[in-house]
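Here's the letter readout for the chains.
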Amino acid sequence: MPLTRRTLLATAASTLAAPALPRFAWADDTPILRAAPAVAQIAPKGYGTTPIWSYGGMIPGPEVRVRAGERVRRRFVNDLPQPSAVHWHGIRITNAMDGAAGFTQDPVPPGGTFGYDFVAPDPGTYWYHAHARSWEQVSRGLAGPLIVEEAEVWTGLEGAATREATLMLADWRLQEDAALHEASFGDLHDWSHAGRLGNTVTINGSIDAAIPVRRGERLRLRLINSATARVMPLRLPGLSPVLIALDGHPVALRAAEEIVLAPAQRADVVVDVSPEMDAPLPILMDTGRDEWIEIGALVDGGETPLPPQDGPVRALPMTMDHALGLTAPQEEVLRMEGGAMGGLRRAHLGGVDRDFRELVAARRVWAFNGVAGDMDAPAFRAALGRTVRMRLVNDTAWAHGIHLHGHHFEVLSRGGRPDPHRDRRDTVLVMPDEPVEIAFIADNPGRWLLHCHMLGHQASGMLTWFEVG
Ligand SMILES: [Cu+2]
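Residues numbered from 1 in each chain as written. Predicted model: local features only at pLDDT ≥ 70, side-chain atom pairs only at ≥ 80, totals over all residues. Heavy atoms only, no water.

Engineer: Can you walk me through the coordination of the copper ion in this structure?
Structural biologist: Any two of four tetrahedral donors ideally make an angle of 109.5 degrees at the metal, while pairs among six octahedral donors ideally make 90 or 180 degrees. At the metal site, the copper ion is ligated by H400 (ND1), C452 (SG) and H457 (ND1), and these contacts range over 2.0 to 2.1 Å. Read in sequence order, the donor residues coordinating the copper ion give the pattern H-x51-C-x4-H. Of this pair, H400 sits in strand β26 (residues 400–404) while H457 is found in helix α5 (residues 455–459), placing the two residues 57 residues apart along the sequence. Exposure remark for H457: the relative accessible area of 0% places this residue in the buried category. (Donors = N, O, S within 2.8 Å, 3.2 Å for Na, K, Ca; no water. Helix = DSSP H or I, 4+ residues; strand = E, 2+ residues; numbered from the N terminus. Buried < 20%, exposed > 50% of the residue type's maximum accessible area, 1.4 Å probe, protein only.)

Listed below in structure tokens is the structure:
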């Protein structure tokens, strides 16, 4: 038998039993993204550590950063006890690289690998996360930032400062011993309500994050909500943030006294740090009970202060042509039903009409258009290049963050009123009784998931797909 790397490894493993032998060796130079159990200090020091699952042994996972138009290549190595796959959230990606386990690719089994290789076409703030049992795997820590820099150096920060900081927010449900509350993974009460809300919010994995800044500098903050259920209203008092992008996409500049991030949503803001800053500047989050708590702070990093920024914040360059062609779009409706206090009586499951009791027994308590998560047929099909206008109707008692894979969309209206900003997004928060109208060009061929990004909702019925081309 010729001696190949494979046989060499097999031989070495069987005869030498070398404990330090790497499980994988790659002839190419593709960077490895390894998912594996790890330990993190999430609770304050002195409270013990938290066993988690992570990419690269850290939370959040290692930042993946490229310029727009460049390739992202990662050899995903699954050292988890479960199958997994990596979804590159918000990227207009080729379908085979989308990372939806069991849908665009086979789940990567424990011990297995998968090569991700795609072009990141649009600059912006994105993220990557597990897309297999994501309600569990993301809750355990499998998420990281994916930053696509502007192809040309953006001059919005020119002058005295060019810095930026990525702030990845997460929500953990910890026990008193600081371990994750594993007994409630998959809890149907959580799923039929807001989802698995945690009790500990972190920024970049830390419960008391101190983001070093330089006094007088103009700073771009990239905020990412990686929580699986928690909607995060955020405030940066004393900083007068200017919103420049949502979900990676440039927006019309505006003041953003309060920034509301649903799970999976991102916001880029520019802040001017006062040269006279003499105390940490808190980052506040509303717990949902109109109670603002400090979840981190910008602190003086000790560098020589800069003179104050005097020029206006500049908009990011618009990078995409988005002539939506709204004269005769394909019209679609996505009606959300179910959940606690939702009044869902019946829905289709397994191709059969079921009553609510049967749905609960099957752990499918939500429905899109009367279907509780069946995947045998798409919600709709669209010809390549067709403009689709979709009405998102929330007939439930809960908020939902609706995410389209492979595409971004424009928010046309909210609650029947035209949206003045017409932001482009990949995830939109839809409140009860407030229909949202979106439109997008179905320009990315393939089969794409469409789901609620409250990941317990996704797992219990709020999942469907659409086909382009
Ligand atoms: Cu939902």
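Engineer: Whenever I open this one, the layout of surface pockets confuses me. Can you help?
Structural biologist: Here the idea is plain: a probe the size of a water molecule rolls over the atoms and shows the empty space left. Volume-wise, the largest pocket comes out at about 840 Å³. Surrounding the largest pocket, 34 residues form its lining, V231, V260, Q265, R414 and L429 being those nearest its centre. Classifying every residue of the lining of the largest pocket by side-chain character gives 22 nonpolar, four polar and eight charged. Considering only enclosed or pocket space, the second largest pocket measures out at about 340 Å³ in volume. Lining the second largest pocket are 17 residues, with R133, R364, Q458, A459 and L463 positioned closest to its centre. Of all the secondary-structure elements, those providing two or more residues to the lining of the second largest pocket are α2 (134–137) and α5. Among the domains, domain 1 (22–149) and domain 3 (330–468) are the pair contributing at least three residues each to the lining of the second largest pocket. (1 Å grid on protein atoms, 1.4 Å probe; cavity = no way out; pocket = protein on both sides within 12 Å on 5 of 7 lines; lining within 4 Å. Points joined across faces, edges and corners; volume = space filled by probe spheres on them. Nonpolar A, V, L, I, M, F, W, Y, C, P; charged D, E, K, R; others polar. Domains from an automatic or database assignment.)

Engineer: I keep staring at the pairing of strand β27 (residues 409–414) and nothing clicks. Help me out?
Structural biologist: Here is the key point about a regular strand: its side chains alternate between the two faces of the sheet. Counting buried positions over the six residues of β27 gives five, a clear majority of the element. As paired elements, β27 and strand β29 (residues 424–425) share two bridges and run antiparallel to each other. Each residue of the ladder has a partner; that of F409, found in β29, is R425. Two elements, β27 and strand β31 (residues 436–442), share four bridges in a ladder whose sense is antiparallel. Its bridge partner lying in β31, V411 is registered against I438. Sheet topology places β27 next to strand β28 (residues 417–418); two bridges connect them, and they run antiparallel. In the strand pairing of β28, S413 is matched with P418. Counting the residues between successive antiparallel strands, the hairpin from β27 to β28 contains two residues, one of them, G415, with a positive phi of roughly 55°. (Pairing = 2+ DSSP bridges.)

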